[in-house]
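Chain by chain, the residues:
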Amino acid sequence: MISNIAELIADRIGAMPAGERRAAQTLIASYPMIGLKTVAEFSSAAGVSSPTILRFVARLGFQNYPEFQSSLQDELAAQLQSPAIRTLNPPSLSGGTVSPMLEATLDNMRETFRHLSDKQLADIATRLAERRGKTFLIGGRFTDPLARYMAAHLAVIQPDVFHLAGQESMWRDRLIDMGKRDVLVIFDIRRYQDSLVRFAEKAHQRGVQIVLFTDQWLSPIARFARHVIAGRTAVPSAWDSSAALFVVAETLIGAVTRRLEADGARRIREMEGLR
């Protein structure tokens, strides 16, 4: 599989000088649109020189800036695809129906974890295991079951875990209970949900730390997020697959459980005694 630009950044940002790192962070914060502007406009937004932008592009493996922009344009076209478009232009399948889906799903999982560092997963798990604030979880039309699943597990091993369900007005009402000590976990894949973007922006303004589960094309919520998990979701189907994101969620559930081993076990015993 060919890595997209967000994945290339995740792989290489650790080796980037400060200026190139600012360029990378600026691109992720306004992905992919700032990269489709001129070099001068990109450099101005990042607060670095134009040569720094060109070195950043070269570090990602592109021969020149037009090649970099062409790749971003291809990603943007893929990001905007609807299920209807993918139904009208189905990928060619060989070897039956099940095998290509299975292989694509397994490839998605491998690629997702290839671009996720152990440090990033550890940092997120540590933050979710902290007892200093509340944890809120929410998802979109098709991803909210992942948020509900993760919330159900985390609520067993620690208090103050809340799944936000219902209509957007109900989510907004919960903002009054959110502050700088709290974490908001959001699941949002293409085509990104405007209501979630608005909610994330409001939470960010209140100082809430956001952990975003998204796809390789990055939800606009990325610009508000402290941590971004970009999973592979494309499969030979009209529908995207959340399987890779589900496995990442389960990985984090396991990591948080280990960090809360004593308190979590005590809480589970007490919970069982109340049943």
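Every value quoted in this text rests on a predicted model; they were computed, and no experiment measured them.

Each value, and the rule that gives it
Residues numbered from 1 in each chain as written. Predicted model: local features only at pLDDT ≥ 70, side-chain atom pairs only at ≥ 80, totals over all residues. Heavy atoms only, no water. Helix = DSSP H or I, 4+ residues; strand = E, 2+ residues; numbered from the N terminus. Rg over C-alpha atoms; globule rule 2.2 N^0.38 Å. Areas by Shrake-Rupley, 256 points an atom, 1.4 Å probe, with all protein chains shown as cover. Lys, Arg positive; Asp, Glu negative; His and termini not counted. Charge placed at Lys NZ, Arg CZ, Asp CG, Glu CD. Buried < 20%, exposed > 50% of the residue type's maximum accessible area, 1.4 Å probe, protein only. Pairing = 2+ DSSP bridges. Right-handed = clockwise from strand over helix to strand, strands pointing away. Contact = heavy atoms within 4.5 Å. Axes fitted to C-alpha atoms, helices over the stretch in contact; angles between N-to-C directions. Parallel < 35°, antiparallel > 145°, perpendicular 65-115°, else oblique. Polar contact = N/O pair within 3.5 Å; in protein donor to acceptor, adjacent residues only side chain to side chain. Expected span 1.5 Å × (residues − 1). Salt bridge = Lys/Arg side-chain N within 4 Å of Asp/Glu carboxyl O.

## Details of the overall build of the protein
Logical step 1: Of regular secondary structure, the protein possesses 13 helices and 5 strands.
Logical step 2: Taken against the 2.2 N^0.38 rule, which gives 19 Å for 275 residues, the C-alpha radius of gyration of the protein at 20 Å falls within 12% of a compact globule.
Logical step 3: Accessible surface, the protein as shown: approximately 13600 Å² in total, 54% of it carbon and sulfur.
Logical step 4: Positive and negative charge centroids in the protein, built from 34 and 29 side chains respectively, lie 5 Å apart.

## Regarding the pairing of strand S1 (residues 135–139)
Logical step 1: Counting buried positions over the 5 residues of S1 gives 5, a clear majority of the element.
Logical step 2: Of the two faces of S1, the one lined by Thr 135, Leu 137 and Gly 139 and the one lined by Phe 136 and Ile 138 are each fully buried.
Logical step 3: Sheet topology note: the S1/strand S2 (residues 161–163) ladder contains 3 bridges and is parallel. The partner of Leu 137 across the bridge, within S2, is His 163.
Logical step 4: Handedness of the S1-helix H9 (residues 144–157)-S2 crossover: right-handed.
Logical step 5: Here 5 bridges tie S1 to strand S3 (residues 183–187), and the two strands are oriented parallel to one another. By the bridge assignment, Leu 137 is partnered in S3 with Val 185.

## Let's talk about the environment of Phe 187
Logical step 1: Looking at the secondary structure, you find Phe 187 in strand S3.
Logical step 2: C-alpha separation for the pair Phe 187 and Arg 148, spaced 39 residues apart in sequence, amounts to 10 Å.
Logical step 3: Filtering out sequence-adjacent residues up to four positions away, Phe 187 remains in contact with Ile 138, Gly 139, Gly 140, Thr 143, Leu 146, Ala 147, Met 150, Leu 196, Phe 213 and Ala 249.

## Describing the sheet that holds strand S5 (residues 227–231)
Logical step 1: Here 5 strands make up an open sheet; going across it, the order is S2-S1-S3-S4-S5 and the pairing parallel. Two strands in the sheet have a free side with no partner beyond their single neighbour: S2 and S5. Strand after strand, the sheet turns through a mean of 15 degrees between neighbouring axes, direction not considered.
Logical step 2: Across the face of the sheet, helix H8 (residues 118–129) comes into contact with S1, S3, strand S4 (209–215) and S5 while running at roughly 125 degrees to S5.

## Quick look at the packing of helix H2 (residues 18–29) against helix H3 (residues 39–46)
Logical step 1: Following both chains from N to C, one finds H2 and H3 inclined at 100 degrees, their axes separated by 9 Å at the closest point. Taken together, the axes of H2 and H3 lie roughly perpendicular to each other. Facing H2, whose interface residues are Arg 22, Ala 23, Thr 26 and Leu 27, H3 presents Phe 42, Ala 45 and Ala 46.

## Digging into the environment of Arg 114
Logical step 1: Mapped onto the elements, Arg 114 comes out in helix H7 (residues 98–114).
Logical step 2: Classification of Arg 114 as partly exposed rests on a relative accessible area of 46%.
Logical step 3: A polar contact is formed between the side chain of Arg 114 and the side chain of Glu 111, at a distance of 2.9 Å.

## A closer look at H8
Logical step 1: With 12 residues, H8 should cover 16 Å at 1.5 Å per step; its first-to-last C-alpha distance of 16 Å lies within 8% of that length.
Logical step 2: Considered for burial, the residues of H8 that qualify are Gln 120, Leu 121, Ile 124, Ala 125, Arg 127, Leu 128 and Ala 129.

## Some remarks on the pattern of salt bridges
Side-chain pairs of opposite charge can arise where the charged atoms are in close proximity.
Logical step 1: Tallying each qualifying case throughout the model produces 17 salt bridges.
Logical step 2: With its nearest N and O atoms 3.8 Å apart, the salt bridge here joins Arg 131 to Asp 263. Within this pair, whereas Arg 131 is found in the loop between H8 and S1, its partner Asp 263 is found in helix H13 (residues 261–273), the two being separated by 132 residues in sequence.
Logical step 3: Arg 131 sits in the partly exposed class, given a relative accessible area of 49%.
Logical step 4: Several salt bridges converge on common partners, so that one network encompasses Glu 7, Glu 111, Arg 114 and Arg 232.

## Some words on the side chain of Thr 135
Logical step 1: By the secondary structure assignment, Thr 135 is in strand S1.
Logical step 2: Judged by relative accessible area, Thr 135 falls into the buried class, the value being 4%.
Logical step 3: With residues near it in sequence (within four places) discarded, Thr 135 still touches Leu 128, Asp 160, Val 161, Phe 162, Val 183 and Val 185.

Spatial relationships are all this shows, so hold off on functional conclusions.
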